[in-house]
Amino acid sequence: MPDPTPLPGVDTDPVITVVGVGADGRLDEHAEALVRDADVLLGGRRHLADRPDVPGQQRLPWPSPLADGLPALLDPLLDGPHGRRVVALASGDPMVSGIGTTLVRLLGPAAVRVIPAVSSVALARARMGWSAEESVVVTLVGRHEARLLRELAPGRRILLLSSGPETPARVGGLLVDAGHPEASVTLLADLGSPAESRDVRTASEWTAVPATDVPPLHVLAVELPRGLGSRHSSWVAGLPDDAFEHDGQLTKRDLRASALARLQPAPGQHLWDVGAGAGSVGIEWMRAHPTCRTTAVESHPDRAARVARNAARLGVPDLAVVEGRAPDALADLPGPDAIFVGGGATRPGVLDACLAALAPGGRLVVHGVTLETESLLADAYRTHGGELTRLSVESTAPVGTFTGWTPARTVTQWAWAR
């Protein structure tokens, strides 16, 4: 494949032009001329079949699977004769979960010219009367439907870009399991085409609709009642402890909030959650922003599986779980922007590996409850600086017929930034 760095002159003569096509198949004069004059026309089989034949024009459908087959498709085209006009057809706006995004990532933004049509998102908002400011878009194209769950909140309006006819029933099931069976789910099919249709049902009702009764091309509009309570709708650190399935190995709510305040989740950044336990810190890191990423490292198989279940139930199913023990399990991981060590800090090499992995600006937070870990963290504080804190939390509990304070284990927290 060509180097993704933009090539000289590509800004005025792109390698590929991507033309968005509405559901009605219409193109304006400029887009029609680009498609007609292309030497090579790429696209889905449906889009290619809808365009009039052009003598001498080479037509190639997208490979399946796309990610694996795309380089082999593009290589001979991009290494071929200079000046070949390559045009790709896409649905609506190619930069909304479309091929335009994929090609820009592969070739660089200067190599791809995009001519969008009206997107399905714009059409769905228009049909529902929802403004961009008052709604959110979640793509489920090639992704786990549980990504929806992060967005649930009273009165929330969510547009879901569907991955296929199975999506409505799966989304309905997720909403029912999350305690929202009466949420309104509108299916908007074939937007912008003569066959456009609308089907409004509750989440509970959608669970019984078979995929064979669902139009393949559709957007789902989900609206939650405003008066509906939701215990897990906040993105601020510190979900209730019972939001997580656990066996006692859990960074508790107040300690979790303290750790995340120092880890400072930021869009696009990656956390290592080392000795993840129930995965609570890594999960809340990802809930802070849809582009935050976590790799949870957990040596106990049952706990590793539990981390994955918790992540899916709380709307971050893309959290990566590595079953293994630090420091060895850290060797081949993508580089972190922040690291949380909730367990295993005294294991030889763990702290050194974490310190070495952080680039400038990286943050590290380590918790310990034993004298051995406290001694290790005190030494680290003397050597590297940072912030050393003892956190003691007490909660009320019955004492006979009265109420008294019950202390939790005191936790020593070392926070450091490179």
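Our subject is the structure that appears above.
Below: a short report on this structure. Note that the structure is a prediction, hence the values are computed from the model and not measured. (Residues numbered from 1 in each chain as written. Predicted model: local features only at pLDDT ≥ 70, side-chain atom pairs only at ≥ 80, totals over all residues. Heavy atoms only, no water.)

## Side note on the overall build of the protein
Put simply, the rule reads: Here a strand is any run of E in DSSP of at least two residues, a helix any run of H or I of at least four, and the numbering for each starts at the N terminus. Exposure is judged per residue with a 1.4 Å probe applied to protein chains only, and the accessible area is read against the type maximum: over 50% gives exposed, under 20% gives buried, and values in between give partly exposed. Note on definitions: a residue-residue contact is assigned when non-hydrogen atoms from the two residues lie within 4.5 Å. Reported accessibility uses the Shrake-Rupley method at a 1.4 Å probe radius. Residues are deemed covered only where the shown protein chains occlude them. Charge assignment in this entry is limited to Lys and Arg as positive and Asp and Glu as negative, and neither His nor the chain termini are counted. All charge positions are set by atom: Lys at NZ, Arg at CZ, Asp at CG, Glu at CD.
The number of helices and strands found in the protein is twelve helices and 19 strands. Here the protein, with 418 residues, has 44% of them falling under the buried criterion. When contacts within the protein are restricted to residue pairs at least 6 apart in sequence, those whose partners lie at least 24 apart make up 65%. If you sum the accessible surface of the protein, you get close to 20,300 Å²; carbon and sulfur atoms cover 52% of it. In the protein, the 39 positive side-chain charges and the 48 negative ones have mean positions that sit 3 Å from each other.

## Notes on the packing of aromatic side chains
Aromatic ring pairs are described here by two measures, namely the spacing of the ring centres and the angle between the planes. As a reminder of what qualifies: Each aromatic pair joins two rings of Phe, Tyr and Trp (for Trp, the six-membered one) with centres within 6.5 Å, and gets the label stacked for planes under 30 degrees apart, edge-to-face for over 60, and tilted for any other angle. By the criterion adopted, a ring carries a charge over it if an Arg CZ or a Lys NZ lies within 6 Å of its centre and within 35 degrees of its normal.
The tally for this structure, following the rule as stated, stands at one aromatic pair. Lying over the aromatic face of Trp235, Arg150 brings its terminal NZ or CZ to 4.0 Å of the ring centre. One cation-aromatic arrangement involves Arg201 over Trp206; the distance from NZ or CZ to the ring centre is 4.9 Å.

## A short note on the nonpolar core
Let me state the cut-off plainly: Grouping buried Ala, Val, Leu, Ile, Met, Phe, Trp, Tyr and Cys residues that are joined through side-chain atoms within 4.5 Å yields what is termed a nonpolar core.
Grouped together as the largest cluster of nonpolar side chains are 25 residues, with contacts concentrated most on Phe244, Leu263, Leu271, Ile283, Trp285, Leu319 and Phe340. Sort the elements by how many residues they give to this core and helix α9 (residues 280-287) lands first, with four residues. Listed in part, the 23 residues of the second largest apolar core include Leu152, Trp206, Leu220 and Val222.

## A look at unusual backbone geometry
Along the chain, Ser64 connects to Pro65 via a cis peptide bond; the corresponding omega equals 0°. In this fold, Pro65 is placed in the loop between β3 (58-61) and α3 (66-78). Ala326 connects to Pro327 through a cis peptide bond whose omega is 10°. Tracing the backbone shows Pro327 in the loop between β13 (320-323) and β14 (338-341). The backbone of Ser97 shows a phi angle near 50°, a positive value even though the residue is not glycine. Within the secondary structure, Ser97 is located in the loop between β4 (86-91) and α4 (99-107). Exposure remark for Ser97: the relative accessible area of 36% places this residue in the partly exposed category. For Gln264, which is not glycine, the phi dihedral falls at a positive 55°. Here Gln264 falls in the partly exposed class, since its relative accessible area comes to 48%.

## So, the layout of surface pockets
Which parts of space are left empty comes out when a probe the size of a water molecule is rolled across the atoms. Put simply, the rule is: A pocket here means an open set of points on a 1 Å grid, computed over the protein atoms alone, that has protein on both sides within 12 Å along at least five of seven lines. A cavity is instead a set of points where a 1.4 Å probe fits but cannot get out; residues with an atom within 4 Å of a point line either one. Grid points are joined across faces, edges and corners, and a volume is the space filled by probe spheres set on the points. Think of it as three bins: nonpolar holds Ala, Val, Leu, Ile, Met, Phe, Trp, Tyr, Cys and Pro, charged holds Asp, Glu, Lys and Arg, and polar takes everything else, Gly as well.
Size it by volume and the largest pocket reaches roughly 1,500 Å³. Of all the secondary structure elements, the ones that give two or more residues to the lining of the largest pocket are α2 (45-50), α3, β4, α4, α5 (120-128) and β10 (218-223). Considering only residue class, the lining of the largest pocket consists of 25 nonpolar, 18 polar and six charged. There is about 1,000 Å³ of room inside the second largest pocket. Taken together, 48 residues line the second largest pocket, and the ones lying closest to its centre are Gln249, Leu250, Thr251, Gly342 and Val369. Where the lining of the second largest pocket is concerned, the elements lending two or more residues are α8 (253-263), β11 (270-274), α9, β12 (293-298), β15 (363-368), β17 (394-399) and β18 (402-407). At three residues, α8 tops the list of elements feeding residues into the lining of the second largest pocket. When the residues that make up the lining of the second largest pocket are grouped by side-chain class, the tally is 17 nonpolar, 20 polar and eleven charged.

## Structural notes on the side chain of Asp273
As a reminder of what qualifies: The working definition used for a salt bridge is a side-chain nitrogen of Lys or Arg within 4 Å of a carboxyl oxygen of Asp or Glu. The term polar contact refers here to a pair of N or O atoms within 3.5 Å; inside protein, the definition further demands a hydrogen-donor-capable atom paired with an acceptor-capable atom, and it admits residues adjacent in sequence only when both atoms are side-chain atoms.
With respect to the helices and strands, the residue Asp273 is situated in strand β11. Buried within the structure, Asp273 lacks any salt-bridge partner; its nearest side chain of opposite charge belongs to Arg256, at an N-O separation of 8.9 Å. A polar side-chain atom of Asp273 sits 3.1 Å from the main-chain amide nitrogen of Gly282. The contacts of Asp273, once residues within four sequence positions are left out, are Gly279, Val281, Gly282, Thr294, Thr295, Ala296, Val297 and Phe340.

## Notes on α5
Short version of the rule: The reported arc concerns the directions from the helix axis to the C-beta atoms and nothing else.
Along α5, the residues that are buried comprise Val121, Leu123, Ala124 and Met128. On an axial view of α5, the arc spanned by its buried residues comes to 165°, and they lie on one face. Following α5 by one or two positions, Gly129 adopts a phi angle in the positive range, close to 75°.

## What about the packing of α3 against α4?
Defined as follows: Geometry is summarised by axes, namely lines fitted to C-alpha atoms with helices restricted to the contacting stretch, and by angles between N-to-C directions that run from 0 to 180 degrees. For any pair of crossing helices, the crossing counts as left-handed if the nearer helix is rotated counterclockwise from the farther one by less than a right angle, and right-handed if it is rotated clockwise.
Two numbers describe how α3 lies on α4: the axes approach to 12 Å, and their chain directions differ by 65°. Considering how the two elements wind past one another, α3 and α4 form a crossing that is right-handed. Listed contacts from α4 to Leu66, Leu70, Leu74 and Leu78 of α3 are Ile99, Thr102, Leu103, Leu106 and Leu107. Considering only residue class, the contact of α3 with α4 consists of eight nonpolar, one polar and no charged.

## Some details on the environment of Leu66
You can see Leu66 is positioned in helix α3. Since its relative accessible area comes to 30%, Leu66 is described here as partly exposed. Linking Leu66 and Arg198, residues 132 residues apart in sequence, is a C-alpha distance of 30 Å.

Structural measurements only, silent on function.
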